[in-house]
Amino acid sequence: MGKKKFLRRGWFGTTISYIYLTLLAIVAAFPLVWILLSSVKSKSELAGDPTVFFPTHITFENFRIVFEQLNFGRNVGNSVLVALSTTLVAIAISALGAYGIVRFFPKFGRKLTRVLITTYMFPPILLAVPYSIIMGKFGMMNNRIGLVIVYMSFSVPYAIWLLVGFFQTVPIGIEEAARIDGANKLQVFYRVVLPIVAPSIVAVAIYTFINAWNEFLYSLILINSSEKATVAVALKSLEGQEVLDWGVMMAASAVVVIPSVIFFMLIQKKIAGGLAAGAVK
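In this text, all values refer to a predicted model and were calculated from it rather than measured experimentally. Numbering of residues starts from 1 in every chain and runs along the sequence as written. Per-residue local features of the predicted model are confined to residues with pLDDT of at least 70, and side-chain atom pairs are confined, for both listing and counting, to 80 or more; whole-chain, interface and lining totals are unaffected and use all residues. Computation of side-chain values: all heavy atoms of the structure, hydrogens and water removed.

Right, let's get into unusual backbone geometry. With a phi angle near 55 degrees, N142 is a residue other than glycine that sits in the positive phi range. A run of H or I in DSSP becomes a helix once it reaches four residues, and a run of E becomes a strand once it reaches two; helices and strands are each numbered from the N terminus. Mapped onto the fold, N142 is located in the loop between α6 (128-137) and α7 (144-167).

Among buried residues, those of type Ala, Val, Leu, Ile, Met, Phe, Trp, Tyr and Cys that are joined through side-chain atoms within 4.5 Å constitute a nonpolar core. Only protein chains enter the accessibility calculation, which uses a 1.4 Å probe. A residue is then buried if its area is under 20% of the maximum for its type, exposed if over 50%, and partly exposed in between. The biggest cluster of nonpolar side chains holds 62 residues, and the ones touching the most others in it are F72, L163, F167 and Y218. No other element matches α7, which puts 13 residues into this core. Contact between two residues is taken to exist if any of their heavy atoms lie within 4.5 Å; hydrogens are not considered. The residues contacting L163, other than those within four sequence positions of it, are S94, A95, A98, S200, I201 and V204.

Before going further, it helps to examine the pattern of salt bridges. Basic side-chain nitrogens of Lys or Arg form a salt bridge, by our definition, when they fall within 4 Å of a carboxyl oxygen of Asp or Glu. In total, this model carries 3 salt bridges according to the counting rule given. A salt bridge links R64 to E61; the nearest nitrogen and oxygen atoms lie 2.5 Å apart. Of this pair, R64 and E61 both sit in helix α3 (residues 61-69), 3 residues apart, which is roughly one turn of the helix. Here R103 ties to E175 by a salt bridge, and the two come within 2.7 Å at their closest N and O atoms.

Where helix α8 (residues 172-180) contacts helix α9 (residues 185-196), the two axes come as close as 10 Å, and the packing angle between them is 140 degrees. As judged from the angle between their axes, α8 and α9 are oblique. Between α8 and α9 lies a crossing of right-handed hand. Across the interface between the two elements, I174, E175, A178 and R179 from α8 touch K185, V188, V192, V193 and I196 from α9. For the contact of α8 with α9, the class distribution of residues is 6 nonpolar, no polar and 3 charged. Geometry is summarised by axes, namely lines fitted to C-alpha atoms with helices restricted to the contacting stretch, and by angles between N-to-C directions that run from 0 to 180 degrees. Here the angle decides the label: under 35 degrees means roughly parallel, over 145 means roughly antiparallel, 65 to 115 means roughly perpendicular, and every other value means oblique. Take the far helix as your reference; a near helix turned counterclockwise from it by less than a right angle gives a left-handed crossing, and one turned clockwise gives a right-handed crossing. Each residue is assigned to one class: nonpolar for Ala, Val, Leu, Ile, Met, Phe, Trp, Tyr, Cys and Pro, charged for Asp, Glu, Lys and Arg, and polar for all the others, Gly among them.

Right, let's talk about α6 for a bit. For α6, every residue scored as buried is listed here: A128, Y131 and M135. Buried residues of α6 fall within an arc of 65 degrees about the axis and therefore sit on the same side. Summarising the geometry of α6, the exposed residues directed more than 90 degrees from the buried face are V129 and K137. Taken together, the buried residues of α6 touch α7 and α11 (217-222). Following α6 by one or two positions, G139 has its phi on the positive side, about 70 degrees. Arc definition: directions from the helix axis to the C-beta atoms.

Purely spatial values, then, with no claim about function.
Right, here's the structure in full:
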């Protein structure tokens, strides 16, 4: 009897949990679904009754305006270039730095990682003026390379801090065995260590890419040309129009959000695996 009561309670609790999680998923996904449905509504439908959930007539005119008249594809390309460059360079630097801290400077590394993470104590707006002055002196205002450098200054410290925990999970015996077989330090790092922590590298890379993709403040300050502006700035500029076209705004928002959502869904297993590996020490 006791076992049956336990099973009933367990079944009831599981059902309640699934219902609760389903409701949370609906609440979380509702803004995204609303943006997608609104982006394929006509102007008259949005102006007449914007509270209608499903469109009566599907049209892609808003997306045509976004890409043909507003040249939003150019801004998407700028964001892809800046975010991808930031991610690749930041991962290369942080992987080497984290591995060096773990294997060659373990005691100093603990103190260094604490110093690195303290950089996140300062709000981004506090560093806007110093960064603007530095980029201006080096002639990197309105330059995408300067924007990448600024993003790296935020991404690299946090990436090193995360990867230190991941590299600590790699057994030293595996590296020693590779050294005995004749591999040098670089070969051990690239052929032995990196494949083991690959899920962790992917997790940090996606985190870095999404942060660079969504960043708005420094892109607005350092880039003053519409041809070099990122999607975050281009999307914000639509609000400055005299008459705001909500259909175009929703279509542009969908273009910004959907790629990152799809990409995240494709690699979420690797992110979860990498975070779980870094938690085990």
